[in-house]
Amino acid sequence: FSVTVFSLLMATGAFYVRGALGGQWTLAEGFLVVASLSGLLLPWAWLTDALQQGAGRTGTTMFIMLVEQALRLGLLFLFVQRFQFLGIYLAALSALVLKCLLAWTINHRTIVRLHVPVWTTFVAPALAAACNFAGWSAVTWLATTLGLTGPSWAVALFFVAGVGSIWICFF
């Protein structure tokens, strides 16, 4: 699901920002990728939390969350001064990556030995997302070429692409 949404946002996000939100939001286009990257990691983070809680390891969950939040705050202090608004995303993304690595390592060693099948976990979803991205990128290019860029077109395409993305990636 997360790669489906990511590929949808990468293909149609800029078209939507330009068409539906207006000129004052054009700077948001530059943040689409970094803002959407955390969505790829959230299922991995939530799964570690659920596994820890299901195994009765709430103390482990608390420890990992404290590490994640402390790192996020520290990185916010460092990154916002240097990168401004982008620093917020970089700090959050860095902390989430660390949380996933730490939590998956702890879970693998202390709760259950985890086996992640490469094809079904990474390759097949990435191929589906690539097809989704290519298809909706072509549609947004065609809409832009034909001058169908107003708010109504942008919103309609975003909703149609959302439903279409589920069909393309899941079926």
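What comes next is a walk through the structure. (Residues numbered from 1 in each chain as written. Predicted model: local features only at pLDDT ≥ 70, side-chain atom pairs only at ≥ 80, totals over all residues. Heavy atoms only, no water.)

A word on the side chain of N107
As a reminder, the rule being used: To qualify as a helix, a DSSP run of H or I must reach at least 4 residues; to qualify as a strand, a run of E must reach at least 2; elements of each kind are numbered from the N terminus. Here's how the labels work: a residue is buried when its accessible area is under 20% of the maximum for its type, exposed when over 50%, partly exposed in between, all with a 1.4 Å probe on protein chains only. It only takes one pair of heavy atoms within 4.5 Å for two residues to be counted as in contact.
Mapped onto the elements, N107 comes out in helix α4 (residues 85-110). Take N107: its relative accessible area is 0%, and that puts it in the buried class. Residue contacts for N107: discarding those within four places in its chain leaves T48, L51, Q52, V112 and L114.

What to know about the packing of helix α1 (residues 2-21) against helix α2 (residues 32-54)
To keep things clear, this is the line we draw: Throughout, an axis means a line fitted to C-alpha atoms (over the contacting stretch in the case of helices), and angles, computed between N-to-C directions, take values from 0 to 180 degrees. Each angle is binned into one of four classes, with values under 35 degrees roughly parallel, values over 145 roughly antiparallel, values of 65 to 115 roughly perpendicular, and all other values oblique. Each residue is assigned to one of three groups, with Ala, Val, Leu, Ile, Met, Phe, Trp, Tyr, Cys and Pro labelled nonpolar, Asp, Glu, Lys and Arg labelled charged, and all others, Gly among them, labelled polar.
At their nearest, the axes of α1 and α2 sit 9 Å apart, and the two run at 170° to each other. Classified by the interaxial angle, the pair formed by α1 and α2 is roughly antiparallel. Two secondary-structure elements touch here, α1 through S2, V3, F6, L9, M10, G13 and A14 and α2 through L32, V33, S36, L37, G39, L40 and P43. In terms of residue class, the contact of α1 with α2 is made up of 10 nonpolar, four polar and no charged.

Side note on the packing of aromatic side chains
As a reminder of what qualifies: Pairing of aromatic rings covers Phe, Tyr and Trp, the last counted by its six-membered ring, and requires centre-to-centre distances within 6.5 Å; plane angles under 30 degrees mean stacked, over 60 mean edge-to-face, and any other angle means tilted.
According to the stated counting rule, one finds nine aromatic pairs in the structure shown. For the pair W44 and F122, a centre-to-centre distance of 5.8 Å together with 5° between the ring planes defines the contact as stacked. In this pair, W44 sits in helix α2 while F122 sits in helix α5 (residues 118-145), placing the two residues 78 residues apart along the sequence. Residue W44 is classed as partly exposed on the basis of its relative accessible area of 25%. Centroid distance F85 to Y89: 5.4 Å. Interplanar angle 90°. Geometry classified as edge-to-face. Residue F85 and its partner Y89 are both found in helix α4; the two are separated by four residues, about one turn of the helix. The exposure class assigned to F85 is partly exposed, which follows from its relative accessible area of 43%. According to the relative accessible area criterion, Y89 is partly exposed, its value standing at 27%. Through pairs of rings, three or more aromatic residues link up here, namely Y16, F158 and F159.

Take it as geometry only, folks, not as evidence of what the structure does.
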